[in-house]
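What follows is the residue order along each chain.
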Amino acid sequence: MYASGKYSSRGPALIPRMKTKHRIYYITLFSVVLLGLIATGMFQFWPHSIESAADWTLDKRSVHDAPVVRLPVSSPIPERGDLSCRMHTCFDVYRCGYNPKNRIKVYIYPLQKFVDELGVPISSTGLSREYNDLLSAISDSDFYTDDVTRACLFIPSVDVLNQNSLRIRETAQALAMLPRWDKGMNHLLFNMLPGGPPDYNTALDVPRDRALLAGGGFSTWTYRQGYDVSIPVYSPLSADVELPQRQPGPRRYFILSSQTAIHREYRAELERLKEENGEALLLLDKCSNLSQGAASARKRCYKGQVYDYPQILQESSFCVVLRGARLGQAALSDVLQAGCVPVILADSYILPFSEVLDWKRASVVIPEEKLSEMYTILKSIPHRQVEEMQRQAHWFWEAYFSSMKAIGLTTLQIINDRIYPYAARTYEQWNNPPVVKWSSVNSPLFLPLIPPRAPGFTAVVLTYDRVESLFRVITEISKVPSLAKLLVVWNNQNKSPPEESLWPKVGVPLKVVRTKENKLSNRFFPYDEIETEAVLAIDDDIIMLTSDELQFGYEVWREFPDRLVGYPGRLHLWDHEMGKWKYESEWTNEVSMVLTGAAFYHKYFNYLYTYKMPGDIKNWVDAHMNCEDIAMNFLVANITGKAPIKVTPRKKFKCPECTAIDGLSLDQTHMVERSECINKFASVFGTMPLKVVEHRADPVLYKDDFPEKLKSFPNIGSL
Amino acid sequence: MQAKKRYLTLFSAGACVILLFCFGGIQVPLSRRGPGRRDDRSLTGARWRRFPGSLQPFNSWEQDRSDDQNEHISPRQKRDANSGVYTARRCRMESCFDFSLCERKGFKVYVYPQQKGEKMSESYQNILSSIEGSRFYTPDPGQACLFVLSLDTLDRDQLSPQYVHNLKAKVQSLPLWNGGKNHIIFNLYSGTWPDYTEDLGFDIGLAMLAKASISTENFRPNFDVSIPLFSKDHPRTGGERGYLKHNTIPPYRKYMLVFKGKRYLTGIGSDTRNALYHVHNSEDVVLLTTCKHGKDWQKHKDARCDKDNAEYDKYDYREMLYNSTFCLVPRGRRLGSFRFLEALQAACVPVMLSNGWELPFSEIIDWNTAAVIGDERLLLQIPSTVRSIHQDKILSLRQQTQFLWEAYFNSVEKIVLTTLEIIQDRVLQHTSRSNLMWNSLPGGLFTLPQYSTYLGEFPFYYAKLGIKPYPKFTAIIHVVTPLVSQSQPVMKLLVAVAKSQYCAQVIILWNCDKPLPAKHRWPPTSVPVIVIEGESKVISSRFLPYDTIPTDAVLSLDEDTVLSTTEVDFAFTVWQSFPDRIVGYPARSHFWDSNKERWGYTSKWTNDYSMVLTGAAIYHKYYHYLYTTYLPASLKTMVDQMSNCEDILMNFLVSSVSKLPPIKVTQKKQYKETMMGQSSRASRWADPDHFAQRQTCMNKFASWFGTMPLVHSQMRLDPVLFKDQVSILRKKYRDIERL
């Protein structure tokens, strides 16, 4: 509405004076004509390449019904891939555009059967089972679009997974015939077995202009870093065999070699290693007595003894993956699946998805020349690391190798990350297995910074109507040297705060914020008025803290800006009888929480509490008028993995837990409720993030036999 | 008149519609039968669906096998063939580098002796002296694995006064040149007006390039190293810290995106900067360019120049740099620019607009975590892109800029060492750093993979891996006086320490001149006691990374230390929360003595401290390794000769890694008194020179580190109920309070 109004009001200035209705009429007319002509022209001059095909319905179909396209002998052949291609030179980024989801759109060409002039197909297999899986997975994903005009990436349905089954020249011609080919711009080809005898090139030999190649078995000389994607060679066994889960740990064999076609030079080398190290090595080969066929792929032999493959891989800590004719080996996938750490000996090989995967955490790469030193090298790896690698290897397989879907979508995600690098998945997202993702923490305030003292802190006092007590608190806090500002959060909607003249006179700015609802979470709102990093949350009845204690608390916070630094400490305990968590406020030797009735913390946690609190915790706290401090302790511990810091000795706090409710009779139920909070929060967080420590922070010279007046913080611990 | 006009209009409209039908509407259906007209229609709306039924697999096992058996050439021959084919622009480590040279003495670097009369820029001098001061340096070319020229190759711009002539001949005549094999050539500028090629003007042969502003096309992955462009004022060592002091919330600064720099009116690299004004809004996106540079700018100036120049002068670059969330780093004539390091240091998240620039140390640094990689083609989208970046992401990008700046960029030495470490990682492939080691604190230069390739064995990654350090410690008691009586302090210490529930093992390091006492003279303990006789009996040997330390934690002890089991237990529980720091008992402090213009050392009781003595301290075993391998021989020898300051040096080292102070835990009073040197025993603390030496040490160490790494702390950690007015029976660490 607004926009259209704006345009019509601008209209008259742009167009020569004319009667309004005529003007509109002419404009419409001309634009219609113009559009029509443009459209016609487009159709006339659009490059046409496909000869003929019958109309083809999508229902009742099979690969045999795919329209046949006959390639003329003279049909153009694309240029060989350009080795200097990079995203900024050979990829048209305008097609991807800016979109709020930061997701590329991928189009898949409909299946066609390309034949030469004699009717011989360009590929001996046609659409393979795996390529069918791959394209189907992509079409089911968020990347897919069936609108060719919106696509940023195009995937031909011409199956080039295995170069052996292709007629190179004709395949290239077929690619060039694709209606949107445009020099291969923004086209993605998937190839797992490149090259052919005798040279076995490491990249697909089909000329392909500027098309991106997702290839298995790239060498450093053919891989265009940042342009191509190195993918694994899919192992069909993945789909057939389900291996039982095996926990990482020591295995029966130390090193296993299970590939069947190892060059004799390398086999000799392996045999020598076996002689030196005996039982630790298992050296398998194909079984000579078995008939050929699919079954033989599942058996391996050593001196007449038959082993099941890939099950035997689970019996070894390390599994050798040697280069064959090609650099990429399907065995790598089997090895990872078995949770065996691959020992990769394939010089110049670009490991699958190396752009994003940290292979050093899942494999050992050894130069082929050092095959003879393999045993010593592997022995030097710490046990704990081997277990980590076993876990990591299996997780790589599960996430990125296990199916054509996994391979395809990982490839697209990598390309997506290049186009929207600022929204790319992180190293942790790519590389941390779920168990690590679950237990590890990446503190958002990770830089070891000790902020300068000067900006001071902002004290946020939550109050309802205890004006007298509030004024005493304000007066006390105002004596703290590093106080920068006082913010009173007035949580009483029925009563106005006292007049300005009645407030105590303090040397720092004092602001009163009136809230709309009486909610506990108001105390943790990231008010714009808080201009310092450090926040001191304090209740309106905490008058027992001395200026030294508060100043010292601030100093400690500066050393631990990513933690809650508070005065009264509390503990959570596991109640074995009840089988649940229990809240403890007695004198204990341990601390896992500090109360936010008096605590310093970083303003960032206000933001987290308000906007990122998991589940319904925030509402729950507001509804029950309790446990906001426990929630804050959970939140901070969960995101930083660190315990809070209790400062200074225990004082007689006037039942700080009773701030919300007065009267001793309610005290008991209040405590019970706090135990319940811990159990509820632990279930919402899905874990118990609180960390227990046995220390508290005191000034360096606390209780030391030293003149009090020379101490920085003498007045500490008075009751 | 009116009617006529109306008819005319109607007629023309009709004609148009007919025309349209002829060319468009009718043509289109007709074209269906024409060649190819149909395809675009079939392209849209034809959703890909899975084909049912069984299809052939893409590969059969037999075929795969026969492929592999087809191969007849020996793999060794194949490798040799590679090194003949892939040279020059296709060089890789596999084909152009001789690994065998590195197997003799490990990764050692040789610097050619400097020729007299050969001019050399200060920057190159700094590079060479950084290498010579590093632990990789060897003066013997026979031991070297990597060679560095003493010919200044930094500036290969022919118009530059720093340009060295006749390099080609000079390089060829070097006796060890060997076609450039295993050489590394440092370069900051190459090419000149007008095309600024990346050619160095001489044949580098098989040498590696460590080059600034290198493009992805010319960059040979895993062979070259992309280094940052640094100015001639870049400090050789030490280096400034990053400017970030606060993590303010919300993280936005006054400006969203800024840039201030030259605009090239014509020629290479001018397009992007010429277009910046489209995005400039003089509010929160301030992109300023000036045409005023070079002699004849007036000649080329365009219509916008005067306006741009005026706007340019209105803003102060420093002010903008400090007060902006993002800083644009567009390419200049060359791909890299000084803006990059400036932004990084200022914690202004760099927004890269330099298509095809292989970012500095791209092999190891994940730049997506510290910068926004833009595309010159999408300049107009940049403001909306940076605005779409979430607050949390900004917070983390900003902190990462600071980490990277301090870890790899803030001095010439760091840049050079990073380059060398990258190459070392390639050479020792299976003992190299993982991505996490390079990209998280404390960074690759402090994380030596030769110690372990397992992240869990370092003090830095416990939280990241979600694991905890091994819950026991190994005590190492440094003994220098002979055993004379069973009541000697060391006996008591041994018993007390071994009694700790967290003690896994005690190592007695016998650095005394007297022969080892018989085994039975040591008191019986429940944990194993290992006696190691120090070979050289030097004090640094207490920090050797002994294989016999089975735990992550080490409790380092002097023989005269007095400690109770409770104190040890408590300190160890504290250390578990701070595994990357030194946790100990007696503390010391440093201060800047402005009268003497040097650092001072104090052992007085003060309200703060910056060191914890390693005569009684717990820290991670890894610091033994770092002390032994990372620190230069010069400092260690100095310490050994004086038999003093080893604890100060350890504190310097740990604080320079962690950037944090050590942690002091509480202790009984009597301990302090013995440590104050009041006892009658012949302690080294009683030596009058002792204190003066420690002053000297402080300053020597600070000069090697290039900066003062020590950080002050004002707190001490006590047990939760320490000296609280509650029954002593409720206290777990009650012995600490008893005298």
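Residues numbered from 1 in each chain as written. Chains lettered and ligands numbered in written order. Predicted model: local features only at pLDDT ≥ 70, side-chain atom pairs only at ≥ 80, totals over all residues. Heavy atoms only, no water.

### Points about the overall build of chain A
Looking only at helices and strands, chain A features 19 helices and 25 strands. The 719 residues of chain A split such that 59% are buried. Sequence separation of at least 24 residues holds for 76% of the intrachain contacts in chain A that already meet a minimum separation of 6. With the model as given, the accessible surface of chain A reaches about 29800 Å², and the carbon-plus-sulfur share is 54%. (Helix = DSSP H or I, 4+ residues; strand = E, 2+ residues; numbered from the N terminus. Buried < 20%, exposed > 50% of the residue type's maximum accessible area, 1.4 Å probe, protein only. Contact = heavy atoms within 4.5 Å. Areas by Shrake-Rupley, 256 points an atom, 1.4 Å probe, with all protein chains shown as cover.)

### Notes on the overall build of chain B
Scanning chain B for helices and strands turns up 26 helices and 23 strands. The buried share of chain B, taken over its 739 residues, is 58%. For chain B, long-range pairs separated by at least 24 residues make up 73% of all intrachain contacts whose partners lie at least 6 apart in sequence. Total accessible area on chain B stands at roughly 29800 Å², and carbon and sulfur atoms take up 54% of it. In chain B, the 92 positive side-chain charges and the 73 negative ones have mean positions that sit 5 Å from each other. (Lys, Arg positive; Asp, Glu negative; His and termini not counted. Charge placed at Lys NZ, Arg CZ, Asp CG, Glu CD.)

### A closer look at the packing of aromatic side chains
Residue and element names in this part refer to chain B. Using the criterion set out here, one finds 69 aromatic pairs over all chains in the structure. Their ring planes at 20° and their centres at 5.7 Å tell us that phenylalanine 572 and tryptophan 575 sit as a pair that is stacked. Residue phenylalanine 572 and its partner tryptophan 575 are both found in helix α21 (residues 565-577); the two are separated by three residues, about one turn of the helix. Accessibility classification places phenylalanine 572 together with tryptophan 575 in one group, the buried group. (Phe/Tyr/Trp six-rings, centres within 6.5 Å; stacked < 30°, edge-to-face > 60°.)

### Looking at the UniProt feature "coiled-coil region" (unreviewed entry) in chain A
In this numbering, the UniProt entry assigns the feature "coiled-coil region" (unreviewed entry) to residues 256-283 of chain A. Between the end C-alpha atoms of residues 256-283 of chain A there is a gap of 6 Å, over a span that is 50% helix and 18% strand. (UniProt positions renumbered as here; feature names shortened; annotations may be inferred.)

### Things to note about helix α22 (residues 622-629) of chain B
Counting buried positions along α22 of chain B yields six of eight residues, so the element is predominantly enclosed. Along its buried surface, α22 of chain B packs onto β13 (473-479), β16 (553-558), β21 (616-620), α23 (633-642) and α24 (646-658) of chain B.

### Some remarks on the state of the cysteines
Residue and element names in this part refer to chain A. Scanning all chains against the criterion turns up ten disulfides over all chains. One disulfide bridge connects cysteine 287 with cysteine 301, the sulfur atoms lying 2.0 Å from each other. Between cysteine 287 and cysteine 301 the disulfide shows an S-S torsion of about 100°. By sign, it is right-handed. One end of the pair, cysteine 287, is in the loop between β9 (281-283) and β10 (299-302); the other, cysteine 301, is in strand β10, with 14 residues separating them in the sequence. Here cysteine 301 falls in the buried class, since its relative accessible area comes to 9%. (Disulfide = S-S within 2.5 Å.)

### A few points about the packing of helix α8 (residues 330-337) of chain A against helix α10 (residues 383-401) of chain A
Residue and element names in this part refer to chain A. It is at 7 Å that the axes of α8 and α10 come closest, and there the two elements cross at 120°. By the angle class used here, α8 and α10 are oblique. Along its contact with α8, which presents Leu332, Ser333, Leu336 and Gln337, the element α10 presents Ala393, His394, Trp397 and Phe401. Among the residues making up the contact of α8 with α10, the classes are represented as five nonpolar, three polar and no charged. (Axes fitted to C-alpha atoms, helices over the stretch in contact; angles between N-to-C directions. Parallel < 35°, antiparallel > 145°, perpendicular 65-115°, else oblique. Nonpolar A, V, L, I, M, F, W, Y, C, P; charged D, E, K, R; others polar.)

### A short note on the sheet that holds strand β8 (residues 255-262) of chain B
Residue and element names in this part refer to chain B. The strand order β9-β8-β10-β11-β12 describes an open sheet built from five strands, whose pairing is parallel. Strands with a single pairing partner mark the edges of an open sheet, and in this sheet they are β9 (285-290) and β12 (372-373). One ladder, built from two bridges, connects strand β11 (residues 349-353) with β12; its direction is parallel. Of the residues in β12, the one forming a bridge with methionine 352 is isoleucine 373. (Pairing = 2+ DSSP bridges.)

### Quick notes on the interface of chain A and chain B
Each partner contributes residues to the interface: chain A has 166 residues there, and chain B has 147 residues. Together, the buried faces of chain A and chain B total about 14400 Å²; carbon and sulfur atoms form 54% of this surface. Summed over the shared surface of chain A and chain B, the result is eight salt bridges. Here arginine 696 of chain A makes a salt bridge to aspartate 724 of chain B, at a shortest N to O gap of 3.5 Å. Taken together, chain A and chain B are joined by 55 residue pairs in polar contact (both at pLDDT 80 or more). Broken down by element, the residue count for the side of chain A that touches chain B peaks at ten residues, all from helix α2 (residues 20-45) of chain A. When the residues that make up the side of chain A that touches chain B are grouped by side-chain class, the tally is 80 nonpolar, 39 polar and 47 charged. Of the strand pairs in this sheet, strand β25 (residues 695-699) of chain A and strand β23 (residues 715-719) of chain B are connected by five bridges, and their pairing is antiparallel. The residue bridging proline 699 of chain A from the neighbouring strand is methionine 715 of chain B, located in β23 of chain B. (Buried area = accessible area lost by both parts, 1.4 Å probe. Salt bridge = Lys/Arg side-chain N within 4 Å of Asp/Glu carboxyl O. Polar contact = N/O pair within 3.5 Å; in protein donor to acceptor, adjacent residues only side chain to side chain.)

### Details of the sheet that holds strand β5 (residues 188-191) of chain A
By definition, the strands of a sheet pair up through backbone hydrogen bonds, in either a parallel or an antiparallel sense. All names here are of chain A. Read from one edge of the open sheet, three strands run β5-β6-β7, paired in parallel fashion. Bordering the open sheet on either side are β5 and β7 (229-230), each of which pairs with just one other strand. Bridge count between β5 and strand β6 (residues 212-215): four bridges; the pairing is parallel. Pairing of leucine 189 across the sheet is with leucine 213, part of β6.

### Here's the deal with the side chain of threonine 192 of chain B
All names here are of chain B. Assignment of secondary structure puts threonine 192 in the loop between β5 (189-190) and β6 (208-211). At 2.7 Å, the side chain of threonine 192 forms a polar contact with the side chain of aspartate 157. Residues within four places of threonine 192 in sequence aside, it is in contact with Asp157, Gln158, Leu159 and Thr197.

### Concerning the packing of α23 of chain B against helix α26 (residues 688-705) of chain B
All names here are of chain B. The N-to-C vectors of α23 and α26 enclose an angle of 175°; their axes lie 11 Å apart at closest approach. Taken together, the axes of α23 and α26 are roughly antiparallel relative to one another. Touching Leu635, Met638, Val639 and Met642 of α23 are Gln693, Cys697, Lys700, Phe701 and Trp704, all from α26. Grouping the constituent residues of the contact of α23 with α26 by class yields seven nonpolar, one polar and one charged.

### Topic: unusual backbone geometry
Of all residues except glycine, most have a negative phi; of all peptide bonds, most are trans. Residues and elements named next belong to chain A. Residues proline 197 and proline 198 are joined by a peptide bond in cis, for which omega reads 0°. Of note, proline 198 is situated in the loop between β5 and β6. Following tyrosine 309, the chain continues to proline 310 via a peptide bond in cis, the omega torsion being 5°. Residue position: proline 310 is located in the loop between β11 (305-308) and β12 (316-322). You will see that aspartate 182, though not glycine, has its phi angle at about 45°, which is positive. For aspartate 182, the position within the fold is in the loop between α5 (168-177) and β5. Residue tyrosine 200 is not a glycine yet carries a positive backbone phi of 45°. Inspection of the secondary structure assignment puts tyrosine 200 in the loop between β5 and β6.

### Some details on the environment of isoleucine 122 of chain A
Residues and elements named next belong to chain A. When you line up the elements, isoleucine 122 lands in the loop between β3 (113-115) and α4 (129-139). Overall, the relative accessible area of 5% leaves isoleucine 122 in the buried class. Along the sequence, isoleucine 122 and glutamine 173 sit 51 residues apart, while their C-alpha atoms lie 9.6 Å from each other. Among all residues touching isoleucine 122, those that are not within four sequence positions of it are Leu71, Phe114, Val158, Ser165, Leu166, Arg167, Glu170, Thr171 and Ala174.

### Thoughts on the confidence of the model for chain A
All names here are of chain A. Mean pLDDT over chain A works out to 88, with 88% of the residues at or above the 70 mark. Scored below 50 in pLDDT, residues 43-59 shows 32 contacts in the model against residues more than four places distant or in partner chains. For residues 658-665, every residue scores under 50 in pLDDT, and the model assigns this stretch eight contacts once sequence neighbours within four places are set aside. (pLDDT = per-residue confidence, 0-100.)

### Some details on the pairing of β6 of chain B
All names here are of chain B. Here β6 shows two buried faces, one formed by Met208 and Ala210 and the other by Leu209 and Lys211. Of the strand pairs in this sheet, β6 and strand β7 (residues 225-226) are connected by two bridges, and their pairing is parallel. Its bridge partner being in β7, lysine 211 is matched across the sheet by serine 226.

### Looking at the nonpolar core
Residues Ile104, Ile155, Phe190 and Ile419 of chain A together with Phe326 of chain B are the most contacted members of the largest nonpolar core, which totals 103 residues. Excluding anything up to four places from it in sequence, phenylalanine 190 of chain A contacts Tyr131, Leu134, Ile138, Ile155, Val160, Leu161, Ala214, Ile231, Gly408 and Thr411 of chain A. Ile127, Leu151, Leu229 and Phe230 of chain B belong to the second-largest nonpolar core, a separate cluster that totals 81 residues. (Core = buried A, V, L, I, M, F, W, Y, C linked by side-chain atoms within 4.5 Å.)

### Digging into the confidence of the model for chain B
All names here are of chain B. On average, chain B scores 88 in pLDDT, and the residues at 70 or more come to 90%. The low-confidence segment residues 22-39, where pLDDT is below 50, has 22 contacts with residues more than four positions distant or belonging to other chains. Interface confidence for the predicted complex, given as ipTM, is 0.90, next to a pTM of 0.90.

### A short note on the UniProt feature "domain: Exostosin GT47" (unreviewed entry) in chain B
According to UniProt, the feature "domain: Exostosin GT47" (unreviewed entry) maps to residues 104-389 of chain B in the numbering used here. Across residues 104-389 of chain B, the secondary structure splits into 20% helix and 17% strand, with the terminal C-alpha atoms separated by 50 Å.

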